Every structure is written in structure tokens, then in C-alpha cells.
Amino acid sequence: MSGRSAPAVLPRSLRVWLGPIAALAALVVVVLGVLYADDSKPGTVDARIGAALDGVGPPWRHVALAMDFLGEPVGAATLVVATVAGCLLFRCPRAAVLVVVGVGMTVGTATLLKHLAGRTIHGEHLSYPSGHAAFATALALVVALLATGLLGLGRTAGTSLVLAAALVAGAAMGWAQVALGAHYPTDVLGGWCTALAVVPATAWLVDRTADRLVDRMADAGRR
């Protein structure tokens, strides 16, 4: 598939809901970033949740370490390559592009925000927002968007699937990060919201860019 025949990675039926959700998520990221800028201590909510989850023992610690590995360079690269291969297998080139660009933009944004916020944990380790949570949520969003298009889901079902996938992936990775003491809970929330803000916007740009390129190629072919 190519051009306008290729399925959009952000179906029109989802734009009505995902647009405002992305804007709200971006606002949450900014607000939390301002609240915890240059901070090195957990907030009240962080302390309560962290106390309940910190220091898990086997076998859950092994699960948390496995989840953490999936957010590290080797694990993350493996997941990205596998997801791109799946997109190409289903003949969804735009989704394959979104996997690389969308996930890359999300992780890049989270990294930039870490330096802007300056929040630290365990000394000088920048923590806000969580890059692991942002990565896991972004990848889940792309897969859910792909499934929505392939299954032809409507606005309600599609939006529900996308948000559910983001919630499950973000919560699972977030739990691992808090349980291992790598992040505060609000860092995880910031990473989750970063993905919710970046991926829909990137998906829209991928669709718009692809459509324009096809239109130009079609115009050139008619000349």
C-alpha cells in the first residue's frame, strides 16, 4: 500500500478525542515539571505510593527488572524492530514510520524535559519525566493505533482501546520503576503524559506529510 490507499495512523474518528487528551496531557507535563523543578525529594503522594511499592522481593522484583530491561537501549531497540517488522507485515508503512518517529520523539522530548525540570533522585540522576514510562506508553499507543485501523474500530471503541493500551503499558512500566526505586510516581505520570501528548501529534504529522508527498507525486505524474 502507498499514498492515500495506505491506512492513516491516526484515524479521523479518533482525532476528536485524542486531540484534547493530548493537549491536557501536555498541560499536566508542564504543571508537574514546574512543581517539581530542581527538586530532589518525593512529594506527599510520591512518598505514600513509593512506600507501598518500594523494595519488592522475589519473584516480583525479577518481573520489575525484566520490565526495566525493556526500557533500556537493547530491550527498547528489540521491541522497536519487532514492532516495525509487524507493521510492514501488515502492510502499514505509515505505522512503521510512526514507530520510529513517534517513539523517538517521545523519548527525545522526555530527555529534554529532564534537563529543563532538573528534578533528581539518588543524588544527581535526572528523574522527571520517566523515559521508561514514556517509551512503554508511546509504543503501546502506536500498536493500539495500528490495531484500531486494521480492525476498523469506531470512535468510542478505538479511543477506548488506545487509552487502555496506554494505561496498561504505562502502569506496568511505572510500577517497575517505582518498585526498583528508579523514579518517583509523579515522574512516571509525567512520562505517561509525555507519550499521550507527543504520539497523537506525531501521528497526525506522519499522515499529513505522507498525503502531501503522494499528492505531489500524483501531480508530477500527470504533467
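You'll find the structure just up there.
I will try to describe carefully the structure that is included in this document. (Residues numbered from 1 in each chain as written. Predicted model: local features only at pLDDT ≥ 70, side-chain atom pairs only at ≥ 80, totals over all residues. Heavy atoms only, no water.)

**Observations regarding the layout of surface pockets**
The line we're drawing: Site definitions follow a grid-based scheme: protein atoms alone, a 1 Å grid, a 1.4 Å probe that fits but cannot get out for cavities, and for pockets an open set with protein on both sides within 12 Å along at least five of seven lines, plus lining residues having an atom within 4 Å of a point. Grid points are joined across faces, edges and corners, and a volume is the space filled by probe spheres set on the points. Under the scheme used here, helices are H or I runs from DSSP no shorter than 4 residues and strands are E runs no shorter than 2 residues, and both carry numbers assigned from the N terminus. Residues are grouped as follows: Ala, Val, Leu, Ile, Met, Phe, Trp, Tyr, Cys and Pro are nonpolar; Asp, Glu, Lys and Arg are charged; all remaining types, including Gly, are polar.
For the second largest pocket, the calculated volume is near 170 Å³. Around the second largest pocket sit Gly71, Ala76, Val103, Val107, Thr111, Lys114, Gly131, His132, Phe135 and His183, which together line it. Here the lining of the second largest pocket gets four residues from one element, more than from any other, and that element is helix H5 (residues 93–117). Residues belonging to the lining of the second largest pocket are distributed by class as follows: four nonpolar, five polar and one charged.

**Some details on empty space enclosed by the protein**
According to the stated counting rule, one finds one cavity of 30 Å³ or more in the structure shown. Taken as a whole, the largest cavity encloses approximately 60 Å³ of empty space. Pro7, Ala8, Val9, Cys92, Ala95, Leu145, Leu146, Gly149 and Leu150 are the residues that line the largest cavity. Here the lining of the largest cavity takes four residues from helix H6 (residues 131–151), the largest share from any one element. Considering only residue class, the lining of the largest cavity consists of eight nonpolar, one polar and no charged.

**Let's talk about the pattern of salt bridges**
Rules: Throughout this description, the term salt bridge denotes a Lys or Arg side-chain nitrogen within 4 Å of a carboxyl oxygen of Asp or Glu. For the exposure calls, accessible area comes from a 1.4 Å probe over protein chains only, and a residue counts as buried if that area is under 20% of its type's maximum, exposed if over 50%, partly exposed in between.
In the structure shown here, the tally under the stated rule is four salt bridges. The residue Arg119 makes a salt bridge to Asp46 at a minimum N-O spacing of 2.9 Å. On the criterion of sequence distance, the pair formed by Arg119 in the loop between H5 and strand E1 (120–121) and Asp46 in helix H2 (residues 44–53) is long-range, its members being 73 residues apart. In this pair, the class of Arg119 matches that of Asp46, namely buried. Measuring nitrogen to oxygen at the nearest pair gives 3.1 Å for the salt bridge that ties Arg94 to Asp207. Taken together, the residues span a long stretch of sequence, with Arg94 in helix H5 and Asp207 in helix H8 (residues 185–222) at a distance of 113 residues. In this structure, Arg94 and Asp207 share a single accessibility class: buried. When salt bridges that share partners are traced, they join Asp46, Arg119 and Asp187 into one network.

**Concerning the side chain of Thr202**
Here is the rule: The contact criterion used is simple: two residues touch if any of their non-hydrogen atoms lie within 4.5 Å.
Tracing the backbone through its elements, the reader meets Thr202 in helix H8. If sequence neighbours within four positions are ignored, Thr202 has contacts with Leu98, Val101, Gly102 and Met105.

**A word on helix H1 (residues 12–35)**
It helps to recall that an α-helix has 3.6 residues per turn; residues three or four apart then point in one direction. Our working definition: Multiplying 1.5 Å by the residue count of a helix minus one yields the expected span of that helix. The angle between axes fitted to the seven residues ending at a residue and the seven residues starting there is what we call the bend at that residue.
With 24 residues, H1 should reach 34 Å at 1.5 Å per residue; the first-to-last C-alpha distance of 35 Å fits that figure. By the largest-angle criterion, Leu18 marks the main kink of H1, which is about 35°, and a proline, Pro20, follows within four residues. Residues of H1 that are buried include every one of Leu14, Leu18, Ala22, Ala25, Val29, Leu32 and Gly33, and no others.

**Things to note about a nonpolar patch on the surface**
Under the convention used in this document: What makes a patch is a set of residues exposed beyond 30% relative accessible area and free of salt bridges, joined within 9 Å when like-charged and within 5 Å when nonpolar (Val, Leu, Ile, Met, Phe, Trp, Tyr). Note on areas: these come from Shrake-Rupley sampling with a 1.4 Å probe, and a residue is covered only by the protein chains present in the view.
Residues Leu24, Leu27, Val31 and Leu35 make up a contiguous nonpolar surface patch of roughly 390 Å² in combined accessible area. Tracing the sequence through the fold places Leu27 in helix H1.

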